Amino acid sequence: MTLRMNGLELLGPVDPDTAPKMLLPLLLTGVQAGFPSPADDFIDKRLDLNEHLIPHPAATFFVRAAGDSMLGAGIHDGDLLVVDRAVEPCSGRVVMAAIGGELTVKRLERKGQSLFLVPANPDYPSFDVTAREDFEIWGVVSHVIHKL
């Protein structure tokens, strides 16, 4: 199922019973991001990306990001976001929310008794959602997938 809404593309819920298993090699050692080091010739185990990225399959969905309001958080236009509805949406987390029927991805911040949705790009305004009745959190963004 694909649903487009206000620049975001929802890509259906994850069904653990029908999700294909894709076991990929996971190396025993980490890879240096600085100076090269000798690589181990051992594979630790096989990694299922569903198990790694989706701890709560029944409460998880994917959405494609649109725009550049979250560049500072590493979210780019066209990135695939993993959104988990089972994770507590507390201050400091990036959330997917609806404001007045429009979907957005922003960082949730509590300041005193007020609650804000804050972009990670200074070109965009924050939203005070403290007293809004048309505000709803759809889930917490747990992972971002994008090409380099």
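Residues numbered from 1 in each chain as written. Predicted model: local features only at pLDDT ≥ 70, side-chain atom pairs only at ≥ 80, totals over all residues. Heavy atoms only, no water.

## Some words on the nonpolar core
To be explicit about the condition: Think of a nonpolar core as a cluster: buried Ala, Val, Leu, Ile, Met, Phe, Trp, Tyr and Cys residues, connected wherever their side-chain atoms sit within 4.5 Å. Under the scheme applied here, a residue whose accessible area is under 20% of the maximum for its type counts as buried, over 50% as exposed, and between as partly exposed, the area being computed with a 1.4 Å probe on protein chains only. Here a strand is any run of E in DSSP of at least two residues, a helix any run of H or I of at least four, and the numbering for each starts at the N terminus.
Grouped together as the largest cluster of nonpolar side chains are 13 residues, with contacts concentrated most on Ile75, Leu81, Val83, Met96 and Val105. Of all the elements in the fold, those that place two or more residues in this core are strand E5 (60-64), strand E6 (80-84), strand E7 (94-99) and strand E8 (102-111).

## Things to note about the pattern of salt bridges
Keep this limit in mind: Any carboxyl oxygen of Asp or Glu within 4 Å of a side-chain nitrogen of Lys or Arg constitutes a salt bridge here.
The full count for this structure, using the stated rule, is two salt bridges. Lysine 111 is the salt-bridge partner of glutamate 109, the closest N and O atoms lying 3.9 Å from each other. Accessibility expressed as a relative area gives 24% for glutamate 109, which makes it partly exposed.

## Quick look at the packing of aromatic side chains
Stated formally: Whether two aromatic rings pair depends on their centres lying within 6.5 Å, for rings of Phe, Tyr and Trp, where Trp uses its six-membered ring; planes under 30 degrees apart make the pair stacked, over 60 edge-to-face, and the rest tilted. To sit over a ring, a charge needs its Lys NZ or Arg CZ within 6 Å of the ring centre and within 35 degrees of the ring normal.
In this structure the tally under the stated criterion is zero aromatic pairs. Positioned over the ring face of phenylalanine 116 is lysine 111, at 5.2 Å from the centre of the ring.

## So, the pairing of E8
Put simply, the rule reads: Strands are labelled as partners when DSSP assigns at least two bridges between them.
Judged from the six bridges that link them, E7 and E8 form a sheet pairing that is antiparallel. Residue pairing in the sheet places valine 94 in a bridge with arginine 107 of E8. By the bridge criterion, five bridges tie E8 to strand E9 (residues 114-118) in an arrangement that is antiparallel. The residue bridging lysine 111 from the neighbouring strand is serine 114, located in E9.

## Here's the deal with the environment of leucine 117
With respect to the helices and strands, leucine 117 occurs in strand E9. You can call leucine 117 buried: its relative accessible area is 0%. Separated by 12 residues in sequence, leucine 117 and valine 105 have C-alpha atoms that sit 8.4 Å apart.

## Some points on the side chain of aspartate 84
Quick reminder of the rule: Just so you know, the count uses Lys and Arg for positive and Asp and Glu for negative, and it drops His and the chain ends. Whenever two N or O atoms come within 3.5 Å, that pair is a polar contact, provided that in protein one can donate a hydrogen and the other can accept it, and provided that, for residues adjacent in sequence, both atoms are side-chain atoms.
Among the secondary structure elements, aspartate 84 is positioned in strand E6. Despite its burial, aspartate 84 remains without a salt bridge, the nearest opposite charge being carried by arginine 85 at 8.0 Å. At a separation of 2.8 Å, a polar atom in the side chain of aspartate 84 contacts the main-chain amide nitrogen of alanine 86.

## Quick notes on the side chain of threonine 104
By the element assignment, threonine 104 lies in strand E8. Among the polar contacts made by the side chain of threonine 104, one reaches the side chain of lysine 106 at a distance of 2.8 Å.

## Observations regarding the confidence of the model for the chain
Quick reminder of the rule: pLDDT is a residue-level measure of predictor confidence that goes from 0 to 100.
Looking at the chain as a whole, its pLDDT mean stands at 83, while 71% of the residues score no less than 70. Per-element averaging of pLDDT across the chain places strand E1 (residues 2-5) at the bottom with 50 and E9 at the top with 97.

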